[in-house]
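This is what each chain is made of:
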Amino acid sequence: MSGDEHLAHLSVAEALASLETSEQGLSSAEAARRRQEYGGNTLVEVAVEAPWRGILREFTHFFAIILWVAAALAGVSEWHQPGEGMWQLGVAIVAVILVNGSFSYIQAYRAERAIDALRDLLPQQVKVMRDGLLTPLPGDALVPGDIVLLEAGDNVPADCRLVAATDLRVNSSTLTGEALPQARHPEPDTAHPSVLERRNLLLAGTSLVSGEGRAVVFATGMRTEFGHIAHLTQSVQKSSSHLQDEIRRLSRLVALMATGLGLCFFAVGWALGLPFWANLTFAIGIIVANVPEGLLPTVTLSLAMATQRMARRHALIRHLPAVETLGATTVICTDKTGTLTRNSMVVRQLYLNHQFADDHLQASVPGAQHLLRNAAICHSLKLGHQEGRPVWLGDPMEVALSTFAAQTQVFDDMVVSETLAFDSDRRRMSVVVRRDGARWMYCKGAPEVVLPLCDAIEHEGQTRRLEAADRQAVLAAQQAMAGRGLRVLAFGWRLLHEGEAPHESRLVLSGLIGLYDPPRAEVPEALERCRTAGIKVIMVTGDHPHTALAIARDIGLVRGEQPRVILGESLRHMAPAQLQTVLKAPEILFARVTAEQKALVVQALKNKGEIVAVTGDGVNDAPALKSAHIGIAMGIAGTDVAKSAADMILLDDNFASIVNAVEEGRAVFENVRKFLTYILTSNIPELIPYLAYMLLAIPLPLTIIQILAVDLGTDMLPALALGAEEPDPAVMKRPPRRADERLLTWPLLARAYLWLGPMQAVIALSAFFLVLNLGGWQFGQALDLRDPLYLQATTACLAGIICAQVVNVFVCRHPVQAAWSFPLGRNRLLLAGVAAEVLLLLLIVFTWPGQAVFSTWPFPPVVWGVIALMALAFGLLEEGRKALARRL
């Protein structure tokens, strides 16, 4: 038996004795001793890696080490042979390392705020009995055995056992998700097995909505139920996203390939007798040419832009990698209320005079007056203002009943004198009103609770005895309404004699009202899109199974005759293997499920290899939100803790927004492949000039600093524009990609390295040799690095690559579809990127700062024409390949 269970079973005196305290509280000396033993009443953070270690790791991984070595070698080369431009290279490479490391750290850094949000739910000051005196103390000073005094509006500071209470009701929604207030009393409780349900316990993080009480603390800090949730929230580890794994794999692969090629060609140059420092410069050039320095920043910026698009579609992304993971989602576990439905109850059906009626009622109908008055006055709503007009604020069901009654008749002749508040134990509410000089009691609540309190029924305006046949008819009506997914309430009344206590007995039954939380209009279409996209949707709700199934049928989530409906109690007794087997059912939903049981469903789906997105709004949902691949918190109804633990926040609490986010996530993966093709293509025309320099004994056609001008200059904005492409209309008509699908595939590599890249190399070298030929250069003739002819030739080679990349950005918009099938206006950033690319080229070629930094010089206009024609031919050849691919 656990400590809290033992305390719940004990009497007040026994509970105090077990904690070695009394109603006068602890002495200051004993409290100090216990604080030293148990620690302060605070939520502590699980030990996490120091930030400096994470930052250091981003600058010392294999990819970064290769660049550090290249920068160091460039520095040594500049020291031995000044004036070769190696210092600019060294500075540029260090800048690349810093930019890539910073972006990677920002992407990987998880600024977890859940622990702070949890701390905010604990009070800063509490009233404590110390040395027999009532003393205000900081909340973190509490120790087991302290006696605390609480009243309406207070947050509970620690796990406590009630010692005395007066009309005390607590809101436990932060822990249980149950929004209705629950009564608490000091008597022993042996009926409730769960600590969350025990009627004599007050748990940290909950709050008092009414009454006052005195309680003894039995658990503080991380030993509380609240602390347990805080520990789970922090200790549940998020696995890295598929995109993160793929980028790391790609970085290692490219770094190894670049280093291997650099070392190989250094050895070849050594064998051919090249001078050491010239050979070293050559090897560094090979490495720099093969490393896509702009890849990591481009990926991160692309993800950031995707989050902005998602925000416009009411999905706020908290962690960048979640954007791509959404695209791989195979299962969505969603709440019902507020996500699939509008969370705004309306009256759907009435049962009056032993007859069903639709959602409107004439005040003149016999028996309608008492039913309407009850709906109008029996509530705990507050009058507020919204957009300048008065509105009722409170429970949506009571708002619906009050609105329904007001639409029929305004009742302004009743004044409430007493209220018997609703709680989850009584499951009913009553008010006493004065009307026409008499006292009337109106009661509403669950039919199974209100019906036994009635001994009469109102039928056709006449009151008569409630017979057994009447009870059967009412219960049958309740079942029929519940079968339609309605929330059914029974309404009764009685006339009180002057001075008579308001006992809820001998009531007259008026009738039943069925309320309904209508589905969101856009949800059926969103579910159909999920079905087409191969995504399974599972409803996981705390609501009644009849209601859940009715809503599921209404929105098209369930179409078959025999869907699998699993109750939380059954789920609790299932072995993991059983649950995984059950989840194979084509149509399944879970009802009466707690947040802990939701986490079991999520884990079972993950064990089956599914990529799981799950919604949640309460504090107790935080562990499930973190354990899922994608945790989705409600922006309107969600707690700060749930939002802090989630990867995505639904700003409108709408299921359709999840589907829109999945569409954007799928687009991200495709877009990364697009700009990966674009970036890798330029590696070949950057590499081949170095091979030609070594093998053909020609002047070096492209300098290292010019390579960086492409990789970190002209290519960046167009690549980013490809990352901002809108989702393909067909992207939601395909099943989710496999979890092990590679970002870098052989077809992509073949297209970039064996087709597009070599064609660009032909353009670049053709421009280089054309300029040399026009300048009268002879094969074998050496050129000084400052010779205007050499500067013109390398500039033409650079211009050839950039102009080919201008065309390449358009043909990379799709691997098969024609470039002209995508309207230019669909991606304005693409046009801006191309304009920036051309402008940068002109600045590099024609301005003195560009010429000084990149060692360029303007070349003859005829060469521009040749480059343009060859770039156009390059695009036409690629479109020809696409046309052939579409036919095959």
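Just above sits the structure.
Residues numbered from 1 in each chain as written. Predicted model: local features only at pLDDT ≥ 70, side-chain atom pairs only at ≥ 80, totals over all residues. Heavy atoms only, no water.

> Explain the overall build of the protein here, please?
Across its full length, the protein holds 33 helices and 26 strands. In terms of its C-alpha atoms, the protein occupies a principal-axis envelope of roughly 120 × 70 × 55 Å. Each of the 888 residues in the protein was classed as buried or not, and the buried ones make up 55%. Sequence-distant contacts, at least 24 apart, represent 71% of the contacts inside the protein between residues at least 6 apart. As presented, the protein carries roughly 37,300 Å² of accessible surface, and 60% of it is formed by carbon and sulfur atoms. (Helix = DSSP H or I, 4+ residues; strand = E, 2+ residues; numbered from the N terminus. Buried < 20%, exposed > 50% of the residue type's maximum accessible area, 1.4 Å probe, protein only. Contact = heavy atoms within 4.5 Å. Areas by Shrake-Rupley, 256 points an atom, 1.4 Å probe, with all protein chains shown as cover.)

> Could you clarify how one ought to interpret the sheet that holds strand E25 (residues 630–634) in this entry?
To summarise the sheet geometry, strands pair through backbone hydrogen bonds and adopt either a parallel or an antiparallel arrangement. A sheet is described by the order of its strands in space; here eight strands give the open sequence E8-E26-E25-E24-E9-E21-E23-E22, paired in mixed fashion. The sheet terminates laterally at strand E8 (315–317) and strand E22 (564–567), the two strands that pair on one side only. Here the average twist between neighbouring strands, direction ignored, is 20 degrees. Of the pairings in the sheet, the one linking strand E24 (residues 612–616) to E25 comprises four bridges and is parallel in character. Bridge pairing in E25 places Thr615 opposite Ile632. The strands that helix H25 (residues 655–681) touches are E8, strand E9 (331–334), strand E21 (536–540), E24, E25 and strand E26 (648–650); relative to E26, the one it contacts most, it runs at about 140 degrees. (Pairing = 2+ DSSP bridges. Axes fitted to C-alpha atoms, helices over the stretch in contact; angles between N-to-C directions.)

> How should I be thinking about unusual backbone geometry in this particular structure?
Unlike most non-glycine residues, Asp131 shows phi in positive territory, near 55 degrees. Along the polypeptide, Asp131 turns up in the loop between strand E1 (125–130) and strand E2 (133–138). You can call Asp131 partly exposed: its relative accessible area is 46%.

> Could you clarify how one ought to interpret the pattern of salt bridges in this entry?
Side chains carrying opposite charge are able to pair once their charged atoms draw close together. This model, assessed by the stated rule, comprises 28 salt bridges. Note that Glu398 and Lys444 form a salt bridge whose closest N and O atoms lie 3.2 Å from each other. In this pair, Glu398 sits in helix H15 (residues 396–408) while Lys444 sits in strand E16 (residues 438–445), placing the two residues 46 residues apart along the sequence. On the basis of relative accessibility, which here comes to 8%, the residue Glu398 falls in the buried class. Connected through shared salt-bridge partners, Arg309, Arg313, Arg529, Glu663 and Glu664 make up one network. (Salt bridge = Lys/Arg side-chain N within 4 Å of Asp/Glu carboxyl O.)

> I tried to follow the packing of aromatic side chains on my own but got confused; where do I start?
What describes a pair of aromatic rings is the distance from one ring centre to the other and the angle between the planes of the rings. Following the criterion strictly, the structure yields seven aromatic pairs and no others. Between Trp440 and Trp493 the ring centres are 5.8 Å apart and the planes differ by 50 degrees, which places this aromatic pair in the tilted class. Of the two residues, Trp440 sits in strand E16 while Trp493 sits in strand E19 (residues 487–496), which places them 53 residues apart along the sequence. With a relative accessible area of 15%, Trp440 lands in the buried category. One residue, Arg348, lies across the ring of Tyr516, its end atom 4.5 Å from the ring centre. One residue, Arg435, lies across the ring of Trp440, its end atom 4.4 Å from the ring centre. (Phe/Tyr/Trp six-rings, centres within 6.5 Å; stacked < 30°, edge-to-face > 60°. Lys NZ or Arg CZ within 6 Å of the ring centre and 35° of its normal.)

> What should I look at first to understand the nonpolar core in this one?
General note: in soluble globular proteins, nonpolar side chains tend to be found buried as a group. Formed by 92 residues in total, the largest nonpolar core has its most connected members in Met648 and Phe655. By residue number, the principal contributor to this core is H25, which donates 14 residues. Leaving out residues up to four positions away in the same chain, Met648 has contacts with Ala315, Leu316, Ile317, Leu326, Gly631, Ile632, Ala633, Ile658 and Ala661. (Core = buried A, V, L, I, M, F, W, Y, C linked by side-chain atoms within 4.5 Å.)

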